[in-house]
Every structure is written in structure tokens, then in C-alpha cells.
Amino acid sequence: MLTRPCTFILFILWITMAQIPGQEDKEKTTALKDLLSRIDLDELMKKDEPPLTFPKTLEEFEYTFNEQGQLRHTTTGEAFVFNAREDLHRWNQKRYEALGEIVTQYVYELLEKKCNMTKVILPVDVTEEEPRSFIYLSADAMSNPAKLLVLIQGGGVVRAGQWARRLIINQDLDSGTQIPFITRAKEEGYGVMVLNPNENHLEVERPAKPTPLPSSEASDEPAEKRECKHDRESKKKRDFYEKYRNPQKESETEQIPIRENGSPEEHLLYVWDHFVSNAAARNVFIVAHSYGGLSLVELMCQREAQVKDRVCAVAMTDSVHNIWHQDASKSIQEWLQQHCRNWVSSPEPLDTPVEPMLPDCPRLSAGTERHELTSWRSFNSIFQFFSKALQTGDEYEESSNTVTTRSSHRTKHEHNHDD
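Residues numbered from 1 in each chain as written. Predicted model: local features only at pLDDT ≥ 70, side-chain atom pairs only at ≥ 80, totals over all residues. Heavy atoms only, no water.

S.K.: For this particular structure, what's the right way to read the packing of helix H11 (residues 291–302) against helix H13 (residues 330–339)?
M.R.: Helices that pack against each other are described as a pair by the angle of their axes relative to one another and the distance between those axes. At a closest axis distance of 10 Å, the pairing of H11 and H13 adopts a crossing angle of 130°. Looking at the two axes, H11 sits oblique to H13. Relative to H13, H11 is oriented so that their crossing is right-handed. Contact residues: H11 offers Val 297, Met 300 and Cys 301, while H13 offers Ile 332, Trp 335 and Leu 336. Across the contact of H11 with H13, the residue classes break down as six nonpolar, no polar and no charged. (Axes fitted to C-alpha atoms, helices over the stretch in contact; angles between N-to-C directions. Helix = DSSP H or I, 4+ residues; strand = E, 2+ residues; numbered from the N terminus. Parallel < 35°, antiparallel > 145°, perpendicular 65-115°, else oblique. Left-handed = near helix turned anticlockwise from the far one by under 90°. Contact = heavy atoms within 4.5 Å. Nonpolar A, V, L, I, M, F, W, Y, C, P; charged D, E, K, R; others polar.)

S.K.: Honestly, the packing of helix H10 (residues 264–274) against H11 in this entry has me stumped. Any pointers?
M.R.: Interhelical geometry of H10 versus H11 gives an angle of 55° and a closest axis separation of 9 Å. Taken together, the axis directions place H10 and H11 in an arrangement best described as oblique. Like other packed secondary-structure pairs, H10 and H11 cross with a definite hand, here right-handed. Contact residues: H10 offers Pro 264, Glu 265, Leu 268, Leu 269 and Trp 272, while H11 offers Tyr 291, Leu 294, Ser 295, Leu 296, Glu 298, Leu 299 and Gln 302. A per-class count over the contact of H10 with H11 returns eight nonpolar, two polar and two charged.

S.K.: I tried to follow the environment of Ser 277 on my own but got confused; where do I start?
M.R.: As for its placement among the helices and strands, Ser 277 is situated in the loop between H10 and strand S9 (283–289). C-alpha of Ser 277 to C-alpha of Val 307: the two residues are 30 residues apart in sequence and 8.8 Å apart in space. Excluding anything up to four places from it in sequence, Ser 277 contacts Trp 272, Gln 306 and Arg 310. Among the polar contacts listed, one links the side chain of Ser 277 to the backbone oxygen of Asp 273, at a separation of 3.0 Å. (Polar contact = N/O pair within 3.5 Å; in protein donor to acceptor, adjacent residues only side chain to side chain.)

S.K.: Help me understand the pattern of salt bridges, please; the structure alone is not making it clear to me.
M.R.: Between side chains of opposite charge, pairing is possible as soon as their charged atoms come close. What the rule picks out here adds up to 11 salt bridges. A cluster of three or more residues bridged by salt bridges with shared partners is formed by Asp 125, Glu 130, Arg 259 and Glu 260. (Salt bridge = Lys/Arg side-chain N within 4 Å of Asp/Glu carboxyl O.)

Following this line, the structure appears as C-alpha cells:
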């Protein structure tokens, strides 16, 4: 439904179109037709839009996280309000995104100061000139001989340490960040790696393209005269358009990919090859949310033997992987059935079995129908699953060692008897 400003502007345009034939002004007719062909509601709404400049810190935004980890206004104590200005959706969205960037930096600070995690730059041999990414490691991530926990978020704007920006802003830090997972993992003796699969490129402003001049072959006029005429015509058109719309033009950008980390799948493969595979832990555990599950299956397709040898258990949360589309082998499917669980969004109570869609890992209810909440709601269940998997693995290892020892002893005894 059109808002009042939009309706008014369209009405003015309609009247102008009705007047133009009488004016016999071809230039204005052409310009206005061009404008109408490209016009949309978003453009119309930009006419009276405030500047797209926003605070750079939480303090300037007048927000803070309280003791419960909830984002609250410093004066009113109210939760964040998305629609700060009515009928200005783009401006509200840009404001939300600006706050989101501040929240990302805030979470990085928590990882370093509260969780004592260390930032490690990627690629490991990065040069000063090229773009870079990073991950976070606990002090014992590479040296812990027993257990290593690897955390992989989903796709989108979320960065290291986050499950869902929306939850951080609208609910609290516990539900939206990976900090509870890191804290508990450390308490239970895990080393921890926090991945950053969505930091794939450096965004830089694209240089403005020069306005092409008319070809000299198309006219016998002197070059200076043509340029002046072209400038005058361009200014006329610009002025005419600006009478009806005055959008704030955003600068065009281009993306420079980060070497060997240009996608979530590339990032996970790189971290596996350079960090996880070189870690001392006998047992690796992985939590993979949403697109992180797809990246993990892709890793298995690339490093199947290594993953099977090192990974004890995988907890997916509402994973979007597809073993058929990703051409996962039958042996990968069988391994996932045994070593993986996927807590999915469902109205059923937590841990209720959910009918599998494909023959891979068993699906359990996360106790919520909200996709972004699945990791937080299944938090306790995931660590219980890991503990049980580790216990089962240890029992199997002890049984295997006993059989091997008995077999060796029997062989040695028989060999001595033959002597």
C-alpha cells in the first residue's frame, strides 16, 4: 500500500505528464519517461530520508549491555527499537546494520578479554598488502592432548563468536553468541577453536567511472563546444530528476577475496589443514550451525579419512547440508549416522526424535521453531552427547587394546611353545 508521500509524488508526476504534451518539450518528456521507467517505491522514500550517518560506538548509540547480557537504552532502559523512524525502512535497516557492526566488535572484545581467546591471522603467511581474516584459539587449542571443540556458525553477517546477530541485539548475549559454549568447553577440559567462515573478502570503494564523451566521429563540432554542450545537457537532466527524487547515493564497492578463505567452505578446509589436523587432541568435537553443517559435509568430501580419524562427534543445529546434492559417499553417510546428531527447529519437546529427511545423521528437536535459537536451546544436550560419545569411544579403544594385547600375548606364548 502506498504511503501518503509516495501517493503525492506520483500525483505530481501524473499532472506533469499531462501538461508536457501541451508544452511540446521533447527533452522534458524524454527525461520524465526515463524517470518513470526507473522509479520504484524505495527510490521515492529516499526523498526526505535523513543522512545515512550513524554512531560508531555503543555509547554514542546510547545503548549498553546490562548484567543479564541484554541490550538496553542507557536512558530509558528499553530494548532496541528497529523502527526508530516511521516510513523510513531503508534508513532503519542501515541504522540496524551500523549497530550490528558495533556489536561484532563488542563480541570480539569479549572473546579476548572474557574468554581469553587469542586472535590468529589468516592466511598464516599473509603479506602486508593482501586482505586477511582471522580465527580465535584458546591457549591450549593446539596443545590439549585430550579434547578440542571447533565452533562453526552459519552464513550471513555473523562473524567469529556469534550464532545470530538478531538474538544478540533483541534477546541477549547468551543466546546469540558462542561464549556459553566456549566457557563450558573450557570448564570441561576442551581446547577451543572459534572459526570465522563469513570473513571472506575485503570490501573497498570502487573508483568512479569517468563520464564518456560523445564520439568525435558523430559530429563536426569542435571538441570544446561538444564538451560544454554535453555538460549543460547532463546538468539539465540531473536538475530535472532531482525535482522529483533526491536519493542518498551509496558508494559502489568491490570485493577482494581473502586468499584460500574466499568462501565458508574454503575457510573450513584451510583451518582444518593448518590448525585442526595439526592439533594434539586425540578427540575433536564440532558444533556446526546452519550453513556450517553444509561446509562440514563438504570438508568430509575433501578430507574423509582425516575427519573420520580425528573427529569423535559432530553436533549440527538446523543444518542446511544435503548429502545428495553434495555427492557425499555412502561411507560418509554411514559415518554421519553413527557420529553426528542434528538438532532441528521443531515444535516438539527438546531431544524428541524427528523423522529424517535423508539417510544421514539422526535428527532431534531443538525445542524451538526458531532457526536462530536452535544452538542455544540444544546447548546442554550437545555437551551430553559429546560426553557420551567420548565415553563410548574410550570404551571401544580400551576393548580394542585389550583384544590386541591378548592376541599378542597368545601369539607370543604359542611362539615360545613352538620353540
